[in-house]
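# Fold and geometry: a report
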Amino acid sequence: MKEFRASVKKEFLHIFRDKRTILIVMIMPVVQIILFGFAVSTEVNNARVAVCGDMSDPQIRRATERMDENKYLEITAILSSPGEITDLFRKNGADAAVCFSRNFGSRIPDGRASVRIIGDGSDPNTARMITSYISGVLQDTAADIDISVSGEKQSSMTPVVQLMYNPAMKSSYNFVPGVMGLILMLICSMMTAVSIVREKETGTLELLLVSPVRPLWVIMSKLIPYLLLSAFNFATILLLSHYVMEVPVNGSLALLSLAATLFVIASLAIGLLVSVISSSQRTAMLICGMGLTMPTMIFSGIIFPCESMPLALQWFSDIIPAKWFIILVKKIMIQGDGFTAILKELGILAGMAAALLAFSIKSFRTRLQ
Amino acid sequence: MNTEYAIRIRNLVKKFGDFTAVDNITFDVRKGEIFGFLGANGAGKTTAMRILCGLSRPTSGSGTVAGFDICREQEKIKRNIGYMSQKFSLYPDLTVRENIRLFGGIYGLKDREIKEKTERMLDMLEMKDAGGRFAAELPLGWKQKLSFSIALVHSPRIIFLDEPTGGVDPETRRRFWELIYDTAGNGTTVFVTTHYMDEAEYCDRVSIMVDGRIDAMDSPAGLKERFAARSMDEVFRIVAGKAVREE
């Protein structure tokens, strides 16, 4: 045990002596959260909307005012002919346009009044968001107009959409679990792999192995410091996302920590595995940076929903530990699920962690022989 | 434990698939002896040494190191040997004192023992003032002396030196060998591999490995006589020249 303590202590000295490591561990989570939070936000604020229609028509004026009052939309241009819309889009003067038909107000009673919403399809995600905001506003207006024209609500069915857990549709609810997964994964695997490969390069690993410290403990002394560091990272991200991004923690913190620990163990094991196959620190960094980050970004559901992938890729996404961790974080943090509700995902993640750890330790030891 | 021999190896074989890295070698090393283990690159030296250090298991054959079985008692072997590798074997980002403390700790020394040994070691190496310096900043000669002393921190019965003097000038090498002599004089067995044939002259006995076999083993004087050579360099060229294996 004393032998083990000595080597863990040494690992911490390495970490605190290396400015690069400290920088990555301390700064990266903060930068990522801030970056994703403010710059990469998928929410639409102050979308510029151009309106094309006859402003002497009171119904059109009413609808236009309604749109302008909406905090996501801003009326920036009033056009008199639809031909100007293309021009405006080309000059990047508007994000969307609303085009009311001729004689809009007078056609309402016979149901022939029509309105077109034109989005900028070169950015489909944003276009979809903006057009859905606009159509929401117009639907409300339409209901009012119905009442004012005929004295009663005409359309028999008006769907009311309510988003559970995230009524304001904040994108931070999606990216915070994602970034959490990404950072823990990256730090754990990269740091572990690099620190082991560095000892391989300098030849000091041999000194540890020829010492009476058992190989298993040599490995453990490499993993444990990074386990503790990731606990620190996890806390940082959680505090930032709660107090800066205002993401709620609805479920139990203990469960969340359990999920994080399992995920960290899986990531450490991946790092160990990377250290077995890479011969230089640069290779290890490249494998972790590109080889692990890209699949994690793409297949864990952070950016693209797994449900819309082809079946084969969905299966592939199932073997990415980050996917399950992110699902767990969403369920615990945002939906506030309890232990029984997340048993399946927790089980899968625990299984993955155990299998990866066993496999990586085995291949590490085989490699030494 | 046999009182006379530090290492006894019988018919040691190590195969990697079809490739026989170590081909049936047998030898003894006496206690307190300086044993030179020579051979060209790829002759199987490193593989054999890894087995002796308990890092790898032989395919067949038997033997004892420091009285412990090389197949079954690897943990005990590790406790009783010291090892210094050809590569620089200190942690460059730790200070001299931290390096000593680390290896003291890894070999299970008590804190008080480590403190005493640290002071004694720094005294002996005349590095009292360098205790707080990072190992990376030390001149190469100092680093080698320090890693040698650290390899001896737990007073092992045998010390394995894997090309310990690579890359230093002859004068530093000569002074390093004075340290080796002192150590052997205290009863520690020294098992050393080297590329430098002038160093082979300093050994009590040398063995020369060719293609996984030990083709010659005797004192330097005995070998020179047998091969009618003036220097160990010549002996080595005659013996190792017979190699058929590619490097």
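Residues numbered from 1 in each chain as written. Chains lettered and ligands numbered in written order. Predicted model: local features only at pLDDT ≥ 70, side-chain atom pairs only at ≥ 80, totals over all residues.

## Here's the deal with the overall build of chain B
Scanning chain B from N- to C-terminus turns up nine helices and ten strands. Relative to its length of 247 residues, chain B is compact, with a C-alpha radius of gyration of 18 Å against a globular reference of 18 Å. Each of the three principal axes of chain B carries a C-alpha extent, and together these read 50 × 40 × 35 Å. Counting over 247 residues, chain B shows a buried share of 43%. Considering only intrachain contacts with a sequence separation of at least 6, the fraction spanning at least 24 residues in chain B is 68%. (Helix = DSSP H or I, 4+ residues; strand = E, 2+ residues; numbered from the N terminus. Rg over C-alpha atoms; globule rule 2.2 N^0.38 Å. Buried ≥ 20, exposed ≤ 12 C-beta atoms within 10 Å, placed from the backbone. Contact = placed C-beta atoms within 7 Å.)

## A look at the interface of chain A and chain B
With 21 residues of chain A at the interface, the matching set in chain B holds 20 residues. Only helix H1 (2–17) and helix H8 (204–210) of chain A provide two or more residues apiece to the side of chain A that touches chain B. Of all the elements, H1 of chain A adds the most residues to the side of chain A that touches chain B, at nine residues. A breakdown of the residues in the side of chain A that touches chain B according to their chemical character gives seven nonpolar, seven polar and seven charged. (Nonpolar A, V, L, I, M, F, W, Y, C, P; charged D, E, K, R; others polar.)

## Some words on the domain arrangement of chain A
A common measure of how large an interface is: the accessible area buried when the components associate. Under the domain assignment used here, chain A contains domain 1 (7–40 + 169–363) and domain 2 (47–150). Taking only C-alpha atoms, the centre of domain 1 of chain A and the centre of domain 2 of chain A are 47 Å apart. (Domains from an automatic or database assignment.)

## Brief notes about the domain arrangement of chain B
Residues and elements named next belong to chain B. Looking at the assigned domains, one finds that chain B contains domain 1 (1–80 + 156–247) and domain 2 (90–155). Relative placement of domain 1 and domain 2: their C-alpha centres are 26 Å apart. The interface is formed by ten residues belonging to domain 1 together with nine residues belonging to domain 2. The dominant element in the side of domain 1 that touches domain 2, judged by the number of residues it contributes, is helix H6 (residues 170–185), at four residues. Looking at side-chain class alone, the side of domain 1 that touches domain 2 contains six nonpolar, four polar and no charged residues.

## Concerning the sheet that holds strand S3 (residues 96–100) of chain A
Residues and elements named next belong to chain A. Spatially, the four strands line up as an open sheet ordered S2-S1-S3-S4, and their pairing is mixed. Every other strand in the sheet has two partners, leaving strand S2 (73–79) and strand S4 (115–119) as the edge strands with one partner each. The sheet shows a mean angle of 25° between the axes of neighbouring strands, taken without regard to direction. As paired elements, strand S1 (residues 47–52) and S2 share six bridges and run parallel to each other. (Pairing = 2+ DSSP bridges. Axes fitted to C-alpha atoms, helices over the stretch in contact; angles between N-to-C directions.)

## Focus on the pairing of strand S7 (residues 158–162) of chain B
Residues and elements named next belong to chain B. By the criterion of burial, S7 is predominantly enclosed, with five of the five residues buried. Side chains Ile158, Phe160 and Asp162 of S7 all project onto a buried face; the interleaved residues Ile159 and Leu161 project onto the opposite face, where all are buried too. Both strand S6 (residues 81–84) and S7 contribute to a ladder of four bridges, which runs parallel. Its bridge partner lying in S7, glycine 82 is registered against isoleucine 159. Taking the sense of rotation as the criterion, the β-α-β connection linking S7, H6 and strand S8 (residues 189–193) turns out right-handed. (Right-handed = clockwise from strand over helix to strand, strands pointing away.)

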